[in-house]
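Coordinate analysis (summary)
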Amino acid sequence: MSETAPMNVIAIVVTYGPDDRLDCQLDTLACQVSTIWIVDNGSDEETIDRLQSHERALGPRLKLILNEANQGLAAAQNQGIAAALGDGADWLLLLDQDSIPAKDMISQLLCAAENYDCPERIGFLSPIHGDDTGGTGSPVYAHGYGMGIKRYWLAEGEVDDGLAFAMASGCLVPADRLREIGNMAADFWIDYIDYDFSFRIRRAGYRILGVGSARLRHRLGETHSRKVLGLSVGYRTHPAFRRYTIYRNRVRVMRAHGIQFPGFLAFEALSITKDLARLLLVEDDKLEKLRAIIIGVWDGLNGRGGFRKI
């Protein structure tokens, strides 16, 4: 095992038609973990050939689960989690197919865990999500004053154990935590899976640690730019299907965890306001996306899950 992975760290990568970023991800990841489980969600034959080529190159360190059809992100993660726990993992690393870890990301996360005052209270650790342009990347969301949520950028070397929630991609989870808390919410399909998991972790009394020295390059959606009142406005957008799952699952998370975490309700109210304003002002296909949002909210209120074609 690599010196950067002194414990049995097993990575789980879910794929569906990945681009060449996966090649870079596997090159960077292979020297940091003991085993990589790739769960493919029904990609085409060309992709399967690529994955099997990587399997031959990495030998027993790379293992494949090939689903004939798309099972959804959460269900595929659960397949990988079961396989990793069966392999005796001490830690599980969850990754999207387009997330590329820094060469020392896992050692930085493990170092933060080792130096934490109460390691038995660690729910999971999260890196800083950067972008491909070398910018500051994504902020973290931590407990603020009162019931609010503070949005800020974590400094290099800083560790914050008060994160309100964190993205699943790049998170390093103790195996015992998954055995206790349970799997990802499979019927969410995609979107808000990590919010639900974060809140289940916190409700059980565990902490979410943001680690400023651990870095991950991660795509956060398609970026566009448009002129509004003479100003150039940059924004990320999602198609109607994703708008549906985002709003359906955010309603389900708000219903399940909002009473325990009222700051999240205020945070989501602001997020929804900004999202709808952006949709109405600058995005295309407004009526199609608004229809998807309305259906998503209705299904969320009625507790519907799984895949639904919009």
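Preceding this section is the structure that the text describes.
Residues numbered from 1 in each chain as written. Predicted model: local features only at pLDDT ≥ 70, side-chain atom pairs only at ≥ 80, totals over all residues. Heavy atoms only, no water.

Concerning the side chain of Thr-237
Test applied: Secondary structure elements are defined from DSSP: runs of H or I of at least 4 residues count as helices, runs of E of at least 2 residues count as strands, and each element is numbered from the N terminus. Only protein chains enter the accessibility calculation, which uses a 1.4 Å probe; a residue whose area is less than 20% of its type maximum is buried, one above 50% is exposed, and one in between is partly exposed. Polar contact criterion, stated in full: a pair of N or O atoms within 3.5 Å, where within protein one must be able to donate a hydrogen and the other to accept it, and residues adjacent in sequence count only if both atoms are side-chain atoms.
Examined against the element boundaries, Thr-237 turns out to sit in strand β14 (residues 231-237). For Thr-237, a relative accessible area of 13% translates into the label buried. Side chain to side chain, Thr-237 and Glu-283 meet in a polar contact 2.7 Å long. In this structure the side chain of Thr-237 is engaged in a polar contact, spanning 3.2 Å, whose partner is the side chain of Lys-289.

A look at the pattern of salt bridges
The condition is simple: Each salt bridge in this description consists of a side-chain nitrogen of Lys or Arg and a carboxyl oxygen of Asp or Glu lying within 4 Å of one another.
With the rule as written, the count across this model stands at 15 salt bridges. Residue Asp-196 pairs with Arg-200 through a salt bridge whose shortest N-O separation is 3.0 Å. Pair noted here: Asp-196 and Arg-200 are both in helix α6 (residues 193-203), with a separation of four residues, about one helical turn. What you see here is one network of salt bridges that share partners, running through Arg-243, Asp-275, Arg-278, Glu-283 and Lys-289.

Examining the packing of helix α7 (residues 240-257) against helix α8 (residues 262-282)
Threshold: Simply put, an axis is a line fit to the C-alpha atoms, just over the touching stretch for a helix, and the angle between two N-to-C directions goes from 0 to 180 degrees. Small angles under 35 degrees read as roughly parallel and large ones over 145 as roughly antiparallel, with 65 to 115 read as roughly perpendicular and the rest as oblique. Crossing handedness follows the turn of the near helix against the far one: under a right angle anticlockwise gives a left-handed crossing, and clockwise gives a right-handed one. Contacts are residue-level and defined by heavy atoms, with any inter-residue pair within 4.5 Å sufficient. As a working rule, the residues Ala, Val, Leu, Ile, Met, Phe, Trp, Tyr, Cys and Pro are called nonpolar, Asp, Glu, Lys and Arg charged, and the rest polar, with Gly in that last group.
It is at 11 Å that the axes of α7 and α8 come closest, and there the two elements cross at 160 degrees. With respect to α8, the element α7 is oriented roughly antiparallel. As α7 packs across α8, the resulting crossing turns out to be left-handed. Facing Arg-243, Tyr-247, Arg-250, Val-253 and Met-254 of α7, the residues of α8 in contact are Phe-264, Leu-265, Glu-268, Ser-271, Ile-272, Asp-275, Leu-276 and Leu-279. Residues belonging to the contact of α7 with α8 are distributed by class as follows: eight nonpolar, one polar and four charged.

Some thoughts on the side chain of Ser-99
Mapped onto the secondary structure, Ser-99 falls in the loop between β4 (91-96) and β5 (100-101). Since its relative accessible area comes to 0%, Ser-99 is described here as buried. Sequence-distant contacts of Ser-99, that is, excluding residues within four places in its chain, are made with Gln-25, Ser-169, Leu-216, Arg-217 and His-218.

Side note on the environment of Gly-205
Checked against the element boundaries, Gly-205 lands in the loop between α6 and β12 (207-217). With 84 residues separating them along the chain, Gly-205 and Arg-121 place their C-alpha atoms 7.3 Å apart.

A closer look at helix α1 (residues 21-29)
Short version of the rule: Working note: the arc is built from the helix axis to C-beta atom directions.
For α1, every residue scored as buried is listed here: Arg-21, Leu-22, Gln-25, Leu-26, Thr-28 and Leu-29. Viewed along the axis of α1, the buried residues span an arc of 165 degrees, placing them on a single side of the element.

A closer look at unusual backbone geometry
At Asp-191, a position not held by glycine, the phi torsion is positive, near 80 degrees. By the element assignment, Asp-191 lies in the loop between α5 (175-181) and α6. Accessibility expressed as a relative area gives 12% for Asp-191, which makes it buried. Unusually for a residue other than glycine, Asp-285 sits at a positive phi of about 55 degrees.

Examining the packing of α6 against α7
Direction vectors running N to C along α6 and α7 enclose 10 degrees, while the axes themselves pass 10 Å from each other. Taken together, the axes of α6 and α7 lie roughly parallel to each other. Note on element contacts: α7 touches α6 through Val-253, Ala-256 and His-257, opposite Tyr-195, Asp-196, Phe-199, Arg-200 and Arg-203. By residue class, the composition of the contact of α6 with α7 is four nonpolar, one polar and three charged.

Examining the sheet that holds strand β8 (residues 149-152)
Counted only if it meets this: Strand pairing is assigned whenever DSSP detects at least two bridges linking the two strands.
Taken in spatial order, the three strands of this open sheet run β8-β7-β10, and their pairing is antiparallel. If you trace the sheet from one side to the other, it starts and ends with β8 and β10 (163-165), each paired once. Adjacent strand axes in the sheet meet at a mean angle of 50 degrees, parallel and antiparallel pairs treated alike. Pairing geometry for strand β7 (residues 140-143) and β10, over two bridges, is antiparallel. Note on β10: the bridge partner recorded for Tyr-141 is Phe-165. Along the sheet face, α6 touches β7 and β10 and points at about 130 degrees away from the line of β10. Against the sheet, α8 touches β7, β8 and β10, its axis set at about 55 degrees to β8.

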